[in-house]
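Notes for the structure review
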Amino acid sequence: MSVMEPMQELSSLDFGKEAFSPEVLNWIAQENLWNLWVPKSYGGLEMSLLEGLKKLRSLSKVDGSLGWTITLCSGANFFIGNLKQAVADEIFIDPEKPVCFGGSGGVFGTAEKKGEGYVISGIWKYATGAPYLTHFTLNAKIREDGKDVLQKDGTPLVRSFVLQKEEVQIIKDWNTMGLKATATESFEVQSKWVHEKYCFVYNELHQPHSIFKIPFSIFADLTLWVNYVGMAAHFLEEALKISGQNLSMDKLQEVILKADLLTMGYAEQIQRMIDMGSELPNAMTDKIHQEASGSVRSLSDAIIRVYPTLGIAASKENHSLNRVFKDYFTATQHHIFR
């Protein structure tokens with residue numbers, strides 16, 4: 001079944017609200033989209049990087065909030081590769097308990113060592129899909145006896161943790177012009193003791209699958225990049241319905257095509273290198289980030305050139321172009337390419 005077929009059965013209002021409707025959430029669960037990258041042995045789809053990027057692009061073209069939420073949440077479920085085997089088994093192995101991770105990449109709290117675990121406290125911004133999550137991930141500075149634990153270079157030691165939703169308090173502060181249904185709320189943890197087994201480290205692998213051998217920074221860049229491309233493609237599709245082909249449309253089409261070639265080309269190259277047992281060089285990480293940042297700037301410039309040519313229809317609250325425009329430029333505020 002294609003992405004578009006089931007989506008056409010849902011009203012566009014399902015995406016414009018401040019949260020996904022039960023119908024949308026049920027469809028996501030039925031399609032197992034939270035688990036794009038999760039191994040089949042844990043009930044996931046175990047997609048390759050290329051397959052997953054194509055899926056995320058198509059979802060973001062259907063709706064920005066849909067693509068963005070699935071990207072960030074499936075991207076958090078990607079951390080199954082970094083969890084210790086026993087913890088992965090505990091969380092993911094029961095098919096009757098669907099799992100949806102999400103959280104914050106910022107270091108907004110502390111984890112004070114206590115016995116066989118840590119007392120975690122802090123407020124983290126922002127967790128995409130907060131109301132839909134079963135588990136929250138966060139980064140915290142490690143402390144002992146009230147002092148930061150320092151690394152050899154003198155910087156604070158930071159570790160990542162996964163907590164159950166009952167252990168956090170959601171702070172409803174997502175009040176943006178677009179991506180409303182992502183419900184990207186902040187969350188707070190108040191002096192919660194967490195066993196050390198729920199601590200994990202990015203790029204420290206406990207699963208053998210090739211997808212987890214991709215450095216997380218590259219994975220994050222590519223999966224977010226295709227969201228901008230998908231939303232831009234949706235914008236172009238709707239804009240063509242209003243004004244037809246013109247020079248500004250040609251430019252946007254050209255930038256989208258280039259972005260598609262780059263993202264899918266990188267995915268194929270990365271898969272080949274991993275299949276050959278090659279490590280991805282640091283230079284590739286930097287190059288992909290620079291390419292992605294430049295591509296998003298080009299997409300933004302091209303969309304802004306098109307928008308003034310579309311007339312008042314594109315500014316009406318109930319027009320899909322208006323929502324795509326607001327979703328796209330809300331997405332550009334994400335720190336990764338800002």
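Our structure is the block above this text.
Quick caveat: nothing in here was measured; it's all calculated off a predicted structure. (Residues numbered from 1 in each chain as written. Predicted model: local features only at pLDDT ≥ 70, side-chain atom pairs only at ≥ 80, totals over all residues. Heavy atoms only, no water.)

1. Focus on empty space enclosed by the protein
Rules: Think of a 1 Å grid over just the protein atoms. A cavity is a set of points where a 1.4 Å probe fits yet cannot get out, a pocket is an open set with protein on both sides within 12 Å along at least five of seven lines, and lining residues have an atom within 4 Å of a point. Grid points are joined across faces, edges and corners, and a volume is the space filled by probe spheres set on the points. Three classes are used, and their members are as follows: Ala, Val, Leu, Ile, Met, Phe, Trp, Tyr, Cys and Pro are nonpolar, Asp, Glu, Lys and Arg are charged, and the others, Gly among them, are polar.
Throughout the structure, instances matching the rule amount to 1 cavity of 30 Å³ or more. Empty space within the largest cavity amounts to approximately 30 Å³. Lining of the largest cavity is provided by Phe78, Asn82, Asn203, Leu205, Phe212, Ile214 and Phe216. Each residue belonging to the lining of the largest cavity can be placed in one class, and the counts come to 5 nonpolar, 2 polar and no charged.

2. Here we look at the nonpolar core
For the record, the criterion: Here the nonpolar core consists of buried residues drawn from Ala, Val, Leu, Ile, Met, Phe, Trp, Tyr and Cys, with membership extended through side-chain atoms lying within 4.5 Å. The cut-offs for exposure are 20% and 50% of the maximum accessible area for each residue type, with area from a 1.4 Å probe on protein chains only; residues under the lower value are buried, those over the upper are exposed, and the others partly exposed. Per the convention used, a helix needs a DSSP run of H or I reaching at least four residues, while a strand needs a run of E reaching at least two, with both numbered from the N terminus. By definition, residues are in contact when any of their heavy atoms lie within 4.5 Å.
Ranked by size, the top nonpolar core spans 109 residues in total, and within it Ile120, Phe161, Phe235 and Ile270 carry the most contacts. The element that contributes the greatest number of residues to this core is helix 7 (residues 216–243), accounting for 16 residues. Setting aside its immediate chain neighbours within four residues, Ile270 contacts Leu49, Ile214, Ile218, Leu222, Leu280, Met284 and Ile288.

3. Remarks on the pattern of salt bridges
Using the following cut-off: We define a salt bridge as a contact between a side-chain nitrogen of Lys or Arg and a carboxyl oxygen of Asp or Glu at a distance within 4 Å.
Considering all chains together, one arrives at 12 salt bridges under this definition. The partner of Lys125 in a salt bridge is Asp173, with the nearest N and O atoms 3.2 Å apart. Of this pair, Lys125 sits in strand 2 (residues 117–127) while Asp173 sits in the loop between strand 6 (169–171) and strand 7 (185–195), placing them 48 residues apart in sequence. Asp173 sits in the partly exposed class, given a relative accessible area of 26%. A salt bridge links Arg143 to Asp148; its shortest N-O distance comes to 2.8 Å.

4. A look at the packing of aromatic side chains
Heads up, the condition is: Any Phe, Tyr or Trp ring, taking Trp's six-membered ring, that has another such ring centre within 6.5 Å forms a pair; planes under 30 degrees apart are called stacked, those over 60 apart edge-to-face, and the others tilted.
As enumerated under the stated definition, the model contains 24 aromatic pairs in all. A centroid spacing of 5.4 Å and a plane angle of 15° characterise the contact between Phe20 and Tyr132, whose relative ring orientation is stacked. In this pair, Phe20 is assigned in the loop between helix 2 (13–16) and helix 3 (22–30) and Tyr132 in the loop between strand 2 and strand 3 (135–144), connecting sequence segments 112 residues apart. Residue Phe20 is classed as buried on the basis of its relative accessible area of 5%. In this structure Tyr132 comes out as buried when scored by relative accessible area, which is 12%. Ring geometry for Tyr328 and Phe329: centres 4.9 Å apart, planes at 80°, overall edge-to-face. The class of Phe329 is buried, set by a relative accessible area of 14%. Site record: aromatic cluster; members linked through ring pairs are Trp37, Phe78, Phe79, Phe200, Tyr202, Phe212, Phe216 and Phe219.

5. What to know about the packing of helix 4 (residues 49–62) against helix 8 (residues 247–275)
The following threshold applies: Lines fitted to C-alpha atoms define the axes, with helix axes restricted to the stretch in contact, and inter-axis angles between N-to-C directions lie between 0 and 180 degrees. In these notes the angle categories are as follows: under 35 degrees is roughly parallel, over 145 is roughly antiparallel, 65 to 115 is roughly perpendicular, and the rest is oblique.
The interhelical angle for the contact between helix 4 and helix 8, taken along N-to-C directions, is 155°, at an axis separation of 8 Å. Here helix 8 runs roughly antiparallel to helix 4, going by the angle between their axes. For the pair helix 4 and helix 8, the contacting residues are Leu49, Leu50, Leu53, Lys54 and Arg57 in the first and Ile256, Asp260, Thr263, Met264, Ala267, Glu268, Ile270 and Gln271 in the second. Split by residue class, the contact of helix 4 with helix 8 holds 7 nonpolar, 2 polar and 4 charged.

6. Re the pairing of strand 3
Selection rule: Strands pair, by our definition, only if DSSP identifies at least two bridges between them.
Judged by how many residues are buried, strand 3 sits mostly within the fold: 7 of 10 residues are covered. As paired strands, strand 1 (residues 101–114) and strand 3 are joined by 8 bridges and run parallel to one another. Bridging across to strand 3, Gly109 finds its partner in Ala140. The sheet contact formed by strand 3 and strand 5 (residues 158–164) spans 7 bridges and is antiparallel. Note on strand 5: the bridge partner recorded for Leu138 is Phe161. By the bridge criterion, 2 bridges tie strand 3 to strand 4 (residues 147–148) in an arrangement that is antiparallel. Along strand 4, the bridge assignment pairs Arg143 with Asp148. The turn joining strand 3 and strand 4, which pair antiparallel and follow one another in sequence, is formed by 2 residues; a positive phi near 55° is taken by Asp145.

7. So, the pairing of strand 7
Bridge count between strand 2 and strand 7: 8 bridges; the pairing is antiparallel. Its bridge partner lying in strand 7, Ala127 is registered against Glu185.

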